[in-house]
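Structural characterization, general
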Amino acid sequence: MGIQKIGRVNVSDAVMDEIKRLISSGEWPADSKIPSENELASMIGVSRVSIRSALQKLSSVGLIESRHGEGTFVSKLDGGQVMNMLLPVAVLTYDNQKYMVEFRRVIESEQAYLAALRITNEELNLLKENYKKMQKVDSLSQACSELDVEFHMLVAKASKNPMFIQTSNILKDTILDNILYVRKYTEENQAFTYHRRIIDALEQRDALAAKEAMYEHLERLWELIQEDS
């Protein structure tokens, strides 16, 4: 390939990376006030313009916040906010649908495991209502697929893990696309069987059984795609 030219470093991006490092390392903990633009410019050795640009970018993703009359502070972040910044909205192509199933197989089986340990009776009832609704619509319809996604969102929520919940929320539309894609390979909606198994395991608070049922559910989707490749 030969030697490629190295582009000029964007100063504001370099400043942003340094501030992110200070925050992630704990040197600037949550709710702490950060130095003023003038102070940062002097400390880092760059112009105020570069400092202001970096701060604007950090503010836009929620890492810092301005408080009127007080200054700029490090935001208090929960797990969900962190995931929202880290995960882009996934756009799937024909070639990587199977990788989405692989991802879901790993993540959602763990969600089901935690859900069995933490689910409330109210959340369990919502899953049962979802299951009943799915049985009343055409099993290969868009409506059924949307209810399918809702089921998986409910399991994620029952895990009580903000990382899982936010990841699922971000990928909600992509998961729907994934389900619709896989439906092309079968005239039988096998979600009913697996969803029933998952609900039963959650009701029994059997974490291993819930994890196994979810894994097998998504393993079957993987097999359907593989059979066509």
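Our structure is the block above this text.
Read on for an overview of the structure. Per chain, the residues get numbers from 1 upward, laid out in the order the sequence is written. Thresholds applied to this predicted model are a pLDDT of at least 70 for local features of residues and 80 or more for the giving and counting of side-chain atom pairs; totals over whole chains, interfaces and linings are not thresholded and use all residues. The basis for every side-chain value is the complete set of non-hydrogen atoms in the structure, without hydrogens or water.

Turning our attention to the overall build of the protein chain. The helix and strand labels rest on DSSP assignments: H or I over at least four residues marks a helix, E over at least two residues marks a strand, and numbering proceeds from the N terminus. The number of helices and strands found in the protein chain is eleven helices and two strands. Each of the 229 residues in the protein chain was classed as buried or not, and the buried ones make up 41%. Values of accessible area rely on a 1.4 Å probe in the Shrake-Rupley scheme; residue burial ignores everything except the protein chains shown. Total accessible area on the protein chain stands at roughly 13,100 Å², and carbon and sulfur atoms take up 51% of it. Partly exposed describes any residue whose relative accessible area lies between the buried limit of under 20% and the exposed limit of over 50%, with all areas from a 1.4 Å probe on protein chains only and scaled to the type maximum.

Moving on, we get to the packing of aromatic side chains. Describing an aromatic ring pair means giving the distance of the ring centres and the angle of the ring planes. Aromatic rings from Phe, Tyr and Trp, taking only the six-membered ring of Trp, are treated as a pair when their centres fall within 6.5 Å; an angle between ring planes under 30 degrees marks them as stacked, one over 60 as edge-to-face, and anything in between as tilted. This model, assessed by the stated rule, comprises one aromatic pair. Seen from their ring centres, Tyr 131 and Phe 192 are 6.5 Å apart, and the 80° between their planes marks the pair as edge-to-face. Of this pair, Tyr 131 sits in helix H6 (residues 121-135) while Phe 192 sits in helix H10 (residues 191-203), and the two are 61 residues apart along the sequence. For the pair Tyr 131 and Phe 192, one class covers both residues: buried. We call a charge positioned over a ring when the NZ of a Lys or the CZ of an Arg lies within 6 Å of the ring centre and within 35 degrees of the ring normal. Lying over the aromatic face of Phe 73, Arg 67 brings its terminal NZ or CZ to 4.1 Å of the ring centre. A cation over a ring is seen here: Arg 196 above Tyr 131, with NZ or CZ 5.1 Å from the ring centre.

Quick look at unusual backbone geometry now. One non-glycine residue, Lys 160, lies in the positive phi region at around 65°. In the Ramachandran plot, Arg 205 falls in the positive-phi region, its phi being about 55° despite a non-glycine side chain. Its location among the elements puts Arg 205 in the loop between H10 and helix H11 (207-228).

In this section: the environment of Gln 56. Summarising the element assignment, Gln 56 is placed in helix H3 (residues 48-60). Residue classification places Gln 56 among the exposed positions, given a relative accessible area of 52%. Residues Gln 56 and Met 16 lie 40 residues apart in sequence; the distance between their C-alpha atoms is 9.4 Å.

Attention shifts here to the pattern of salt bridges. Counted as salt bridges are all cases of a side-chain nitrogen of Lys or Arg within 4 Å of a carboxyl oxygen of Asp or Glu. In this structure the tally under the stated criterion is 16 salt bridges. Across the salt bridge formed by Arg 21 and Glu 27, the nearest N and O atoms sit 3.3 Å from each other. Here Arg 21 falls in the partly exposed class, since its relative accessible area comes to 38%. The salt bridge involving Arg 105 is made with Glu 219; its shortest N-O contact spans 2.5 Å. Here Arg 105 is found in helix H5 (residues 97-118), whereas its partner Glu 219 is found in helix H11, with 114 residues between them in sequence. For Glu 219, a relative accessible area of 22% corresponds to the partly exposed category. Look at the salt bridges and you will find they share partners, linking Glu 18, Arg 21 and Glu 27 into a network.

Quick look at the side chain of Ser 159 now. Tracing the chain through its elements places Ser 159 in the loop between helix H7 (142-158) and helix H8 (162-170). For Ser 159, a relative accessible area of 0% puts it in the buried group. Within polar-contact distance, the side chain of Ser 159 engages the backbone oxygen of Ala 156 at 2.6 Å. Should any heavy atoms of two residues lie within 4.5 Å, those residues are counted as being in contact. The contact partners of Ser 159, leaving out residues within four places of it in the chain, are Gln 111, Leu 114, Ala 115, Arg 118, Phe 164 and Ile 165. Here a polar contact is taken to be a pair of N or O atoms separated by no more than 3.5 Å, where protein atoms must pair a possible hydrogen donor with a possible acceptor and residues adjacent in sequence count only if both atoms sit in side chains.

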